[in-house]
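Remarks on the overall topology
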Amino acid sequence: SMGITLKRTIRHSPTEGLAAPKGATILFDGQNADAFVDGKIDPRGFLEANTKTKQAFTDFKLHLEFFLPFKPLGRGHGRANSGLYLHGHYELQIYDSFGVNPPTEQDEGSLYRFGKPLVNAARPTGQWQVYDIRFRAPRRDAKGHVEKVGSITAWLNGQKVQDNIEFQEPRSPYIPFKHGVNDYLRGIEKRLKETGFGPLFLQDHGSPVRFRNIWIVPRT
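Residues numbered from 1 in each chain as written. Predicted model: local features only at pLDDT ≥ 70, side-chain atom pairs only at ≥ 80, totals over all residues. Heavy atoms only, no water.

Of the regular secondary structure elements, the protein chain holds two helices and 13 strands. Against the 2.2 N^0.38 benchmark of 17 Å for 220 residues, the protein chain shows a C-alpha radius of gyration of 17 Å, consistent with a compact globule. With respect to the principal axes defined by its C-alpha atoms, the protein chain has extents near 60 × 35 × 35 Å. The 220 residues of the protein chain split such that 50% are buried. Across the protein chain, every contact between residues at least 6 apart in sequence was considered, and the portion connecting residues at least 24 apart equals 64%. With the model as given, the accessible surface of the protein chain reaches about 11200 Å², and the carbon-plus-sulfur share is 50%. Where the 31 positive side-chain charges of the protein chain centre and where its 23 negative ones centre are 3 Å apart. (Helix = DSSP H or I, 4+ residues; strand = E, 2+ residues; numbered from the N terminus. Rg over C-alpha atoms; globule rule 2.2 N^0.38 Å. Buried < 20%, exposed > 50% of the residue type's maximum accessible area, 1.4 Å probe, protein only. Contact = heavy atoms within 4.5 Å. Areas by Shrake-Rupley, 256 points an atom, 1.4 Å probe, with all protein chains shown as cover. Lys, Arg positive; Asp, Glu negative; His and termini not counted. Charge placed at Lys NZ, Arg CZ, Asp CG, Glu CD.)

Listed below in structure tokens is the structure:
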């Protein structure tokens, strides 16, 4: 059985380590964390979780590489956990989900509270993983209500995990505008509803998740 285990395919993303394309805004390349509010870099030069971009975006193409630490505590709350909040409203899950079958809405690659991943593309903890995301923001009316749905297509480690999944108002009770909210965040959400522009949040869920090579191509 050992031989079978060793042959198990661990997929690498073809975009891992690639430089940002022309026209991209580099959010983090290891040089500094200036693009993030209170951004912190660990001793190895990686961005720590629990921060958000200073810049706001509507529609975009995003590339982000992340590292889940090994936590030898078994299933449940012991597993490394983070999240990528687009506009602070819609969370692409970052969670230790290697080998989970079938994957659920809790697992990596899901759009939390909207849809589980099409496939389980998660790699083991202790390895770098890659998200490539195309985000179309929902459009809102003058009162801030969604009048045209948004959508996400996402690849995790080179495999498509969300295919043009659509959404309206956020459904999660854990979004940063509801969970641990303050006046600063309320102001961000107010501007988001007025302008359609919102930041990118890297959620902290008690795990030392790290990020590298983050770039974004704003789209119109």
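Further remarks concern the environment of G150. Here G150 is to be found in strand β10 (residues 150-156). It is 33 Å that separates the C-alpha atoms of G150 and Q31, two residues lying 119 residues apart in sequence.

Let's shift gears to the pattern of salt bridges. Within the structure shown, the criterion is met by eleven salt bridges. Two residues, D42 and R210, come together in a salt bridge whose shortest N-O distance is 2.9 Å. Remark: R210 occurs in strand β13 (residues 210-219) and D42 occurs in the loop between β1 (25-28) and β2 (47-48); sequence separation between them is 168 residues. The pair formed by D42 and R210 is uniform in burial state, with each residue classed as buried. Across the pair R186 and D183 runs a salt bridge whose closest N-O atoms are separated by 2.7 Å. Of the two residues, R186 and D183 are both situated in helix α2 (residues 183-195); the distance of three residues between them amounts to about one turn of the helix. For D183, a relative accessible area of 62% puts it in the exposed group. Several salt bridges share partner residues, and in doing so they unite E16, E65, R123 and R212 into one network. (Salt bridge = Lys/Arg side-chain N within 4 Å of Asp/Glu carboxyl O.)

What follows is about the side chain of N81. Among the structural elements, N81 can be located in strand β5 (residues 81-86). Residues within four places of N81 in sequence aside, it is in contact with L68, Q93, I94, Y95, Q106, H205, S207 and V209.

A few words now on the packing of aromatic side chains. Centre-to-centre distance and the angle between the planes together describe a pair of aromatic rings. One pass over the full model with this rule turns up twelve aromatic pairs. Within the aromatic cluster, the residues linked to one another by ring pairs are F57, F60, Y90, F114, F135 and F167. The ring of W128 is capped by R212, whose NZ or CZ atom sits 4.1 Å from the centre of that ring. (Phe/Tyr/Trp six-rings, centres within 6.5 Å; stacked < 30°, edge-to-face > 60°. Lys NZ or Arg CZ within 6 Å of the ring centre and 35° of its normal.)

So, about the nonpolar core. If you look at the biggest cluster of nonpolar residues, it comprises 37 residues, and the most contacted ones within it are L84, L86, I133, I152, F211 and I214. Broken down by element, this core gets its largest block of residues, four residues, from strand β4 (residues 59-67). Beyond its immediate chain neighbours, meaning those up to four positions away, I133 contacts F60, K61, L62, L84, L86, L92, I152, T153 and A154. Counting seven residues, the second-largest nonpolar core is a separate cluster that includes Y85, I175, F177 and F201. (Core = buried A, V, L, I, M, F, W, Y, C linked by side-chain atoms within 4.5 Å.)

A word on the confidence of the model for the protein chain. For any part of a model where pLDDT is low, the fine detail of the predicted coordinates should not be relied upon. Scored by pLDDT, the protein chain comes out at a mean of 90, with 91% of its residues at no less than 70. Predicted confidence for residues 1-8 stays below pLDDT 50, and this span has two contacts to residues more than four positions away or in other chains. (pLDDT = per-residue confidence, 0-100.)

Next up on the list: the pairing of strand β12 (residues 200-204). Counting buried positions along β12 gives four out of five residues, so the element sits mostly inside the fold. In terms of strand pairing, strand β3 (residues 51-52) meets β12 through two bridges, oriented antiparallel. Bridge pairing links K52 to F201 in β12. (Pairing = 2+ DSSP bridges.)

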